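What follows is the residue order along each chain.
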Amino acid sequence: VQLQASGGGLVQAGGSLRLSCAASGRTFSSYTMSWFRQAPGKEREFVASITGSGGSTYYADSVKGRFTISRDNAKNTVYLQMNSLKPEDTAVYYCAAGRGTLNVVTIAAIYDYWGQGTLVTVSS
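Residues numbered from 1 in each chain as written. Predicted model: local features only at pLDDT ≥ 70, side-chain atom pairs only at ≥ 80, totals over all residues. Heavy atoms only, no water.

Caption draft 1: Region of interest: the overall build of the protein chain. Helix and strand counts for the protein chain come out as zero helices and 11 strands. In sequence order, the protein chain lays out its α and β elements as β-β-β-β-β-β-β-β-β-β-β. The C-alpha atoms of the protein chain give a radius of gyration of 13 Å, which matches the 14 Å a tight globule of 124 residues would have. Within the span of the protein chain, comprising 124 residues, buried residues form 44% of the whole. (Helix = DSSP H or I, 4+ residues; strand = E, 2+ residues; numbered from the N terminus. Rg over C-alpha atoms; globule rule 2.2 N^0.38 Å. Buried < 20%, exposed > 50% of the residue type's maximum accessible area, 1.4 Å probe, protein only.)

Caption draft 2: How the structure looks around the sheet that holds strand β3 (residues 17-23). Across the sheet, four strands lie side by side as β1-β3-β8-β7; this open sheet has antiparallel pairing. Looking at strand neighbours, the two that pair on one side only are β1 (3-6) and β7 (67-72), the edges of this open sheet. Strand-to-strand twist of the sheet, defined as the mean angle between neighbouring strand axes without regard to direction, takes the value 15°. Pairing of β1 with β3, which is carried by four bridges, proceeds in the antiparallel orientation. What sits directly across from alanine 5, in β3, is cysteine 21. (Pairing = 2+ DSSP bridges. Axes fitted to C-alpha atoms, helices over the stretch in contact; angles between N-to-C directions.)

Caption draft 3: Representation of the state of the cysteines. By the definition in use, this model includes one disulfide. A sulfur-sulfur separation of 2.1 Å characterises the disulfide bridge that pairs cysteine 21 with cysteine 95. Negative torsions about the S-S bond denote left-handed disulfides, and the value of about 65° found for cysteine 21 with cysteine 95 makes this one right-handed. With cysteine 21 in strand β3 and cysteine 95 in strand β9 (residues 91-98), the pair connects residues that are 74 residues apart, well separated along the chain. Cysteine 95 shares its class with cysteine 21; the two are buried. (Disulfide = S-S within 2.5 Å.)

So, to be careful, I would describe these as geometric facts and stop short of saying anything about function.
Encoded structure:
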């Protein structure tokens, strides 16, 4: 599986962006898909996750109510809709594919594949 993230950019605080992550391969729907982010000088942190069927989602407390993760298995794509963006959301955002259940999705080590990252910059 190869992952290609896109959609990052510069946005003012309070604005919105939608990230996309396109996957290759015919087993996309069997993977839990997640977004992580890494700000300058900080460790990579979990943002959001969605199960293979799209039936369950899980969010970091810092983004709950502002971000929405979704997927379209027919298009092999996962999305992250980001609203009410804050300067502290500035980071490189990575998509990841793994076979873990929701109770372990915050752990980066369980993921088999990672995208290259897309930069989101939120100005104040």
